[in-house]
Each structure stands twice: as structure tokens, then as C-alpha cells.
Amino acid sequence: MINLRLTAVRILNPDLVVATELDFEASCVPADAVLLVGEVAAPHTAVIDRVLKPHLYASAGIEWYLLVDQESLTVRLHQRQGGHYLERATTKRGEVLELTEPVRATIRPEDLVP
């Protein structure tokens, strides 16, 4: 489990964190070290992962947000603009998302969930 410190009093546990560096001795990753944060939205967490968490992550200054819809196997990549995120790419089952920023990665939706 990853503890991500957004503020002095707010810690969340995202499904994915890409950070500039990690201190494995620390109890939390600070938001200012995070390049990208990701969530896998299941039916019981969909509202939190689609509404609440993106708002909190954007407010904390995290530039990129990756949302995986577990039911449809759709991956949406969002980039922060001000206090919210704009969708930059959508990838569906059978397609490939090629990230060039904030890191280089190839993502296949069906590889992300069992």
C-alpha cells in the first residue's frame, strides 16, 4: 500500500504512484514528488475515483492522473490545468496507450486488471 500525503492532514492510498524519488523508510510519499497518480475504479469506488480523488490530487498539484475503469477496461489520462484535470487520452480494451510524459510507458488496459 502506498500512502500519499496531499496536505498536512490528508493522506490517500492510490493504486499507482510514479514519483521522482522514493524514500522507502518514509511512511508517506509527498505530493510534490509525484509525477503521476493512478486509480482503478471499481463499481463500489467509482464516484470517489472519478470525482473526489481527482479534485484532491489536482489541488495538491499533481500534474497527471490516470483512471482505469475496471468494468469497461478503459484508461483515461488526464493532465492538470489549474485546480482540475483535462482528459488528454482515452484507451479502450485492445488498444495501447503510449505515454511520453511524465514517463515513457506502454499501457494495455487488459494488462492492468485481472
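As a reminder, the structure under discussion sits directly above these lines.
This one's a predicted model, so the numbers in the text were calculated from it and none came from an experiment.

Each value, and the rule that gives it
Within any chain, residue numbers begin from 1 and follow the written order of that chain's sequence. Under the rules for a predicted model, residues below a pLDDT of 70 receive no local features and side-chain atom pairs below 80 are neither given nor counted, while totals for whole chains, interfaces and linings still include all residues. To obtain the side-chain values, all non-hydrogen atoms of the structure were used and water was disregarded. In this description, a nonpolar core means a group of buried Ala, Val, Leu, Ile, Met, Phe, Trp, Tyr and Cys residues linked to one another through side-chain atoms lying within 4.5 Å. Think of it in three bands: with a 1.4 Å probe and only protein chains considered, a residue is buried below 20% of the maximum accessible area for its type, exposed above 50%, and partly exposed in between. Any two residues whose heavy atoms approach within 4.5 Å at even a single point are treated as in contact. Secondary structure elements follow DSSP: runs of H or I of four or more residues count as helices, runs of E of two or more count as strands, with numbering from the N terminus. Two strands are counted as paired when DSSP detects at least two bridges linking them. The definition of a right-handed crossover adopted here requires that, viewed with the strands pointing away, the path from the first strand over the helix to the second runs clockwise. When a carboxyl oxygen of Asp or Glu is within 4 Å of a side-chain nitrogen of Lys or Arg, the pair counts as a salt bridge.

(A) Local environment of the nonpolar core. Among the nonpolar cores identified, the biggest contains 16 residues, and Leu4, Leu6, Val34, Val37, Tyr57 and Ile62 are the most heavily contacted of them. Apart from the residues lying within four places of it in its own chain, the contact partners of Leu4 are Arg10, Ile11, Leu12, Pro14, Val29, Pro30, Ala31, Val34, Val37, Tyr57 and Ile62. With nine residues, the next largest nonpolar core counts Leu36, Trp64, Leu77 and Leu99 among its residues.

(B) Representation of the pairing of strand β6 (residues 64-69) in the model. Buried residues dominate β6, accounting for six of its six residues. With burial as the criterion, each face of β6 is covered, one bearing Trp64, Leu66 and Val68 and the other bearing Tyr65, Leu67 and Asp69. Here strand β5 (residues 34-41) runs beside β6; their pairing, made up of six bridges, is parallel. Bridge pairing links Ala41 to Asp69 in β6. In terms of handedness, the path from β5 via helix α1 (residues 46-59) over to β6 forms a crossover that is right-handed. As paired strands, β6 and strand β7 (residues 74-81) are joined by six bridges and run antiparallel to one another. Residue pairing for β7: Asp69 is matched across the bridge by Thr74. Connecting β6 to the antiparallel partner β7 that follows it, the hairpin turn spans four residues, and Leu73 within it adopts a positive phi of roughly 55°.

(C) View of the pattern of salt bridges. All told, the structure shown has five salt bridges when counted by the stated rule. The salt bridge partner of Asp49 is Lys53, with a shortest N-O separation of 3.9 Å. Linking Asp49 with Lys53, this pair stays in helix α1, spanning four residues, or about one helical turn. Across this residue pair, the class does not change: Asp49 and Lys53 are buried. Here Arg80 and Glu63 are joined by a salt bridge, their closest N and O atoms 3.4 Å apart. One end of the pair, Arg80, is in strand β7; the other, Glu63, is in the loop between α1 and β6, with 17 residues separating them in the sequence. Members of the salt-bridge network, linked through shared partners, are Glu39, Asp49 and Lys53.

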